[in-house]
Each structure stands twice: as C-alpha cells, then as structure tokens.
Amino acid sequence: MTALVRDQMITLPKTLPVRVSVDEARSALADGHVHLLLLTEGRTLRGTLTRADLPPGAPEEGPALWWSTLSGRTVGPDADAARLRDELAGTGLRRLAVVDAEHTLLGLLCLKRSGSGFCSDTDVAARAAAATTNLGGRR
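Procedures and definitions
- Residues numbered from 1 in each chain as written.
- Predicted model: local features only at pLDDT ≥ 70, side-chain atom pairs only at ≥ 80, totals over all residues.
- Heavy atoms only, no water.
- Pairing = 2+ DSSP bridges.
- Helix = DSSP H or I, 4+ residues; strand = E, 2+ residues; numbered from the N terminus.
- Core = buried A, V, L, I, M, F, W, Y, C linked by side-chain atoms within 4.5 Å.
- Buried < 20%, exposed > 50% of the residue type's maximum accessible area, 1.4 Å probe, protein only.
- Contact = heavy atoms within 4.5 Å.
- Patch = residues over 30% accessible without salt bridge, like charges linked within 9 Å, V, L, I, M, F, W, Y side chains within 5 Å.
- Areas by Shrake-Rupley, 256 points an atom, 1.4 Å probe, with all protein chains shown as cover.
- Salt bridge = Lys/Arg side-chain N within 4 Å of Asp/Glu carboxyl O.
- Lys, Arg positive; Asp, Glu negative; His and termini not counted.
- Charge placed at Lys NZ, Arg CZ, Asp CG, Glu CD.
- Arc of directions from axis to C-beta.
- Polar contact = N/O pair within 3.5 Å; in protein donor to acceptor, adjacent residues only side chain to side chain.
- Axes fitted to C-alpha atoms, helices over the stretch in contact; angles between N-to-C directions.

Peer 1: Provide a residue-level description of the sheet that holds strand E6 (residues 105-110), including the pertinent values.
Peer 2: In a beta sheet, neighbouring strands pair by backbone hydrogen bonds and run either parallel or antiparallel. Taken in spatial order, the 3 strands make up an open sheet running E4-E5-E6, and their pairing is mixed. Pairing within the sheet leaves two strands with one partner each, and these edge strands are strand E4 (74-75) and E6. Sheet topology places E4 next to strand E5 (residues 95-99); 2 bridges connect them, and they run parallel. Residue pairing in the sheet places Val-75 in a bridge with Val-98 of E5.

Peer 1: Any chance you could break down the nonpolar core for me, citing the residues and the numbers?
Peer 2: With 12 residues, the main nonpolar core is built from Val-5, Met-9, Val-75, Ala-79, Ala-81, Leu-84, Leu-88, Leu-96, Val-98, Leu-109, Leu-111 and Phe-118. For this core, the secondary structure elements donating two or more residues are helix H3 (81-91) and E5. Among the elements that take part in this core, H3 stands out by supplying 3 residues, more than any other. Apart from the residues within four sequence positions on either side, Leu-96 is in contact with Leu-36, Gly-72, Arg-73, Thr-74, Val-75, Leu-84, Leu-88, Gly-107, Leu-108 and Leu-109.

Peer 1: Before we move on, could you go through a negative patch on the surface and cite the residues and values that matter?
Peer 2: On the surface, Asp-23, Glu-24, Glu-60 and Glu-61 cluster together into a negatively charged patch. The topology assignment puts Glu-24 in helix H2 (residues 22-29). Classification of Glu-24 as partly exposed rests on a relative accessible area of 45%.

Peer 1: Lay out H3 with the relevant residues and their values.
Peer 2: The α-helix winds at 3.6 residues per turn, so residues separated by three or four positions along the chain end up facing the same way. By the burial criterion, the buried members of H3 are Ala-81, Leu-84 and Leu-88. Taken end-on, H3 shows its buried residues confined to a sector of 55°, consistent with a single buried face. Exposed residues on H3 whose side chains face more than 90 degrees from its buried face are Asp-86 and Gly-90. Contacts made by the buried residues of H3 are with helix H1 (5-8), E4, E5 and E6. The residue sitting at the N-terminus of H3 and contributing the capping side-chain oxygen is Asp-80; that oxygen lies 2.9 Å from the backbone nitrogen of Ala-82. Gly-92 sits one or two positions beyond H3 and adopts a positive phi of about 90°.

Peer 1: How would you summarise the sheet that holds strand E3 (residues 44-49) if you had to cite specific residues and measurements?
Peer 2: In space, the 3 strands of this open sheet follow the order E1-E2-E3, with mixed pairing throughout. Each edge of the open sheet carries a strand with a single partner, namely strand E1 (16-17) and E3. Sheet analysis places strand E2 (residues 37-41) next to E3, joined by 5 bridges and oriented antiparallel. Residue Glu-41 lies in a different strand from E3, and its bridge partner there is Thr-44. Sitting on the sheet, H2 touches E1, E2 and E3, and the angle it makes with E2 is about 135°.

Any functional reading would require information beyond the geometric quantities listed.
Here's what the structure looks like:
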C-alpha cells in the first residue's frame, strides 16, 4: 500500500503571521531545526521562506512575505510520500508545506536529515521535551 503524505506529515507545524518582518524571519531561521518558515493568514498559507530567500540587503523592518514563495514548496495530502522522499533527497530541500486546494495549511512534510524517512509529531514532541529538560524545565 502506498504511504500518503497525510500519514507522514507533522500535523501542527509552527507558523508565523504574514506580517512578520525580515528581521523576525531571520531570527526564526537562526534555529538549526528550522528549514522552512510557513507564513499564514488564519489557516491559509500565504508564503514560505528559507534562509536563501532573504537577500542580504532586504530591509530588516520590511515584510518577509515579499521574499516568500509557494512555488515548489507545497504538496497535497494525497501525494505519494515515498516518491517525494526520493525527490526531496535528490534536491536537498527537506520541507514541504501540506495544503489543500484552497491553500489551507494541513501540515508539514519534513524529511529527516538522514533521508531515511519523515519526522513525526512524536519526534517533534520528543525534541521539545528534551529542549525543556536541557533548560532545567524553564522556557
């Protein structure tokens, strides 16, 4: 049976509002686990950003949305996850926003660094718990 994206995606990805500035986007992308920012308006995905999307001369207080794109960075929930794993491994891109036909954000498909599979909600929760533990229970 074919594994679908809907069965492999993170169901509650972190998002930023469309009004986020370039400086705020750069700050979010400074986290080594963050590879793709999801810019939303309500539940609608309006843009995605990677580190490479933000040019050095972009005004810090300007809207990051200006530099964002959806092209090549979204996938539907019923796509073949195994096929995408192979494609992503070959391109170096490790994140795809999962959206429906109206661009409602449904989740995030995250290829593991090893390329062997996708991150899960359980993986994300474990990483968050470990980070909290490393901070002595303080956030």
